[in-house]
Amino acid sequence: MKGTLFVVSGPSGVGKTSIINSLINKLDNVVFSVSCTTRAPRPGEVDGVDYFFVSKEKFMKMIENSEFLEWAEVHGNLYGTPKKFVLENIEKGKRIILDIDVQGALQVKKNFDDAVFIFVAPPSYEVLRERLLKRGTEKTEALLKRLENAKWELSKMIEFNYLIVNDDLEKSVLVMKSIIIGESYKTTRILTEELIKNLFKGVSDR
Ligand code: 5GP
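Residues numbered from 1 in each chain as written. Predicted model: local features only at pLDDT ≥ 70, side-chain atom pairs only at ≥ 80, totals over all residues. Heavy atoms only, no water.

Engineer: I'd like a description of the site of the ligand, backed by residues and values.
Structural biologist: The environment of the ligand is made up of 18 residues, and the closest members are Lys16, Ser35, Arg39, Tyr51 and Tyr79. One nitrogen or oxygen atom from the side chain of glutamate 70 is found 2.7 Å from a nitrogen atom belonging to the ligand. Among the cavities detected, the one that contains the ligand is the largest pocket. Those elements that provide at least two residues to the shell around the ligand are strand E5 (68-74) and strand E6 (77-82). Across the shell around the ligand, the residue classes tally to five nonpolar, five polar and eight charged. (Near = heavy atom within 4 Å. Polar contact = N/O pair within 3.5 Å; in protein donor to acceptor, adjacent residues only side chain to side chain. 1 Å grid on protein atoms, 1.4 Å probe; cavity = no way out; pocket = protein on both sides within 12 Å on 5 of 7 lines; lining within 4 Å. Sits in = over half its atoms within 2 Å of the grid points. Helix = DSSP H or I, 4+ residues; strand = E, 2+ residues; numbered from the N terminus. Nonpolar A, V, L, I, M, F, W, Y, C, P; charged D, E, K, R; others polar.)

Listed below in structure tokens is the structure:
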């Protein structure tokens, strides 16, 4: 059986990465797609684990060579999903999780109609502002840009299949886990020729 693509999006600071990190080891057959970015690493971020940190020149070369499934300029930096990793893992039947921005999610939607799109929203705009301030990973200008971009991102949530309002991390992890498990039981994903053959073995036509 082919794998499934889970695209997780939502404004910066909403808690997507924390939710994904909490559930990734609690589910079988799940892999995380590590993106490439031209953004500088934050303290504690590891190359090849959080991101592949690349130069702008390298990123442009990768675009030229069609190495991305999707890519976008997000808050002034470039981010892209390496295509090879995703396609290989779809073939292996894995559940692949993408943590990408809304522009990227909408690009994926055009090409993968059976992907699952999950939007993570803050309980309010005010809470988002407080979270970003508390996280303290961005300077004032970058932080304001992220908050400004959040307005457009929030306006696109209707394009997604699922909406998780992240007011409680533990609950959000449980909901996302449930969505991932539930999707594996969809008839369209589970019904293989072999299963049909077995189910109807010994059943006569009349
Ligand atoms: P951050 O700089 O906070 O790690 O990420 C900024 C935004 O870029 C987040 O919304 C994150 O989901 C998004 N992002 C991370 N990787 C990718 C990617 O490969 N493609 C796109 N389009 N967005 C990404």
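Engineer: So what's going on with the environment of arginine 42? Residues and values would help.
Structural biologist: Here arginine 42 shows up in the loop between strand E3 (35-37) and strand E4 (51-53). Sequence separation between arginine 42 and lysine 186 is 144 residues; the distance between their C-alpha atoms is 39 Å. Excluding its chain neighbours within four sequence positions, the residues that come into contact with arginine 42 are Arg135, Thr137, Glu138 and Arg146. Within the local environment of arginine 42, its side chain forms a polar contact with the side chain of glutamate 138, the two groups lying 2.8 Å apart. (Contact = heavy atoms within 4.5 Å.)

Engineer: Can you explain the sheet that holds E3? Please cite residues and give values.
Structural biologist: Strand order in the open sheet formed by four strands is E4-E3-E6-E5, with mixed pairing between adjacent strands. Looking along the sheet, the strands with just one partner apiece sit at the ends: E4 and E5. The mean angle between the axes of side-by-side strands here comes to 25°, regardless of whether they run parallel or antiparallel. With six bridges joining them, E5 and E6 adopt antiparallel strand pairing. Its bridge partner lying in E6, glutamate 70 is registered against threonine 81. Along the sheet, helix H3 (residues 83-91) makes contact with E5 and E6, crossing E6 at roughly 30°. (Pairing = 2+ DSSP bridges. Axes fitted to C-alpha atoms, helices over the stretch in contact; angles between N-to-C directions.)

Engineer: Describe the packing of helix H5 (residues 125-135) against helix H6 (residues 140-154), and please don't skip the residues or the numbers.
Structural biologist: It is at 11 Å that the axes of H5 and H6 come closest, and there the two elements cross at 150°. Note on packing geometry: the crossing formed by H5 with H6 is right-handed. Along the contact surface, H5 presents Tyr125, Leu128, Arg129, Leu132, Leu133 and Arg135, while H6 presents Leu143, Arg146, Leu147, Glu148, Ala150, Lys151 and Leu154. Per-class residue counts for the contact of H5 with H6 are eight nonpolar, no polar and five charged. (Left-handed = near helix turned anticlockwise from the far one by under 90°.)

Engineer: Outline the nonpolar core, supporting the account with residue identities and numerical values.
Structural biologist: In globular proteins that are soluble, nonpolar side chains generally tend to be buried together. Among the nonpolar cores identified, the biggest contains 23 residues, and Val8, Leu23, Ile97, Ile118, Met176 and Ile180 are the most heavily contacted of them. Ranked by residues supplied to this core, first place goes to helix H7 (residues 169-184) with four residues. Setting aside residues up to four positions removed in sequence, isoleucine 97 forms contacts with Phe6, Val8, Ile20, Leu23, Ile24, Val30, Val31, Phe32, Ser33 and Ile180. Ranked by size, the runner-up nonpolar core spans 18 residues in total, among them Ile90, Ile96, Phe117 and Phe160. (Core = buried A, V, L, I, M, F, W, Y, C linked by side-chain atoms within 4.5 Å. Buried < 20%, exposed > 50% of the residue type's maximum accessible area, 1.4 Å probe, protein only.)

Engineer: Explain the packing of aromatic side chains residue by residue, including any values.
Structural biologist: Counted under the stated rule, the structure contains six aromatic pairs. Look at phenylalanine 117 and phenylalanine 160: their rings are 6.3 Å apart centre to centre, the planes differ by 80°, and that puts the pair in the edge-to-face class. Residue phenylalanine 117 is found in strand E8 (residues 116-121), and its partner phenylalanine 160 is found in the loop between H6 and strand E9 (162-165); the two are separated by 43 residues along the sequence. Given the relative accessible area of 4%, phenylalanine 117 is considered buried. Phenylalanine 160 sits in the buried class, given a relative accessible area of 9%. Here the aromatic cluster, defined as three or more aromatic residues joined through ring pairs, consists of Tyr51, Phe53 and Tyr79. (Phe/Tyr/Trp six-rings, centres within 6.5 Å; stacked < 30°, edge-to-face > 60°.)

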